[in-house]
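Here's the letter readout for the chains.
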Amino acid sequence: MKNRHLTDSFRCAFRGIFQALKTEKNFKLHLLAMIIVMLMAWYFHLSTGEYLVLIITVLLVIITELLNTAIEYTVDLVCGNRYSELAKYAKDIAAGATLLAALGSVIIGCIIFLPKIIERYMG
Ligand SMILES: Nc1ncnc2c1ncn2[C@@H]1O[C@H](COP(=O)(O)OP(=O)(O)OP(=O)(O)O)[C@@H](O)[C@H]1O
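Looking at an unreviewed UniProt entry, one finds the protein chain named Diacylglycerol kinase family protein, with Vallitalea pronyensis as its source organism. Of the comments in the UniProt record for the protein chain, the one headed Subcellular location (unreviewed entry) reads "Cell membrane". Reading the Sequence similarities (unreviewed entry) entry of the UniProt record for the protein chain gives the comment "Belongs to the bacterial diacylglycerol kinase family."

As structure tokens, this is what we get:
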């Protein structure tokens, strides 16, 4: 089952991303948000520094969502439908990580875009 070639590793990684895309509605929402944010970045002519912060922020949200999904699958693999306090902690903590990343991205989005929106449409 071990990948022998780099291309096999890439194929597995992309398959994982598509699997999350197929099954996780939050992941679909985050990808949609990422596309909208990138279109806004292009529209408002962000500086290189602002682009960098935005890309890192967006990637952090996507990465935490993927890790959260992987943790959910792993917990379900181990526990199935059985109730477990540890399973609850693991899933809740993973969900907490995605929530923090999402909240941080909203705050950063506001800091970058709000002054530009105000200047363009209300200034
Ligand atoms: N085996 C379990 N034992 C105890 N509590 C669990 C178990 N599985 C899930 N839970 C609790 O139910 C919550 C929701 O779990 P679920 O697997 O449905 O995640 P989810 O709603 O699909 O998460 P997301 O919306 O991030 O995809 C968990 O955060 C946890 O508190």
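Caption draft 1: Broad picture of the overall build of the protein chain. Tallying secondary structure elements over the protein chain gives 4 helices and 0 strands in all. Along the protein chain, from the amino end to the carboxyl end, the secondary structure elements read α-α-α-α. Once the C-alpha set of the protein chain is aligned to its principal axes, its extents read approximately 55 × 40 × 20 Å. The buried share among the 123 residues of the protein chain stands at 23%. Pairs at least 24 residues apart make up 66% of the contacts formed inside the protein chain by residues separated by at least 6 positions. Entry remark: accessible area of the protein chain is about 9200 Å², with carbon and sulfur atoms responsible for 72%.

Conventions adopted
Residues numbered from 1 in each chain as written. Predicted model: local features only at pLDDT ≥ 70, side-chain atom pairs only at ≥ 80, totals over all residues. Heavy atoms only, no water. UniProt positions renumbered as here; feature names shortened; annotations may be inferred. Helix = DSSP H or I, 4+ residues; strand = E, 2+ residues; numbered from the N terminus. Buried < 20%, exposed > 50% of the residue type's maximum accessible area, 1.4 Å probe, protein only. Contact = heavy atoms within 4.5 Å. Areas by Shrake-Rupley, 256 points an atom, 1.4 Å probe, with all protein chains shown as cover.

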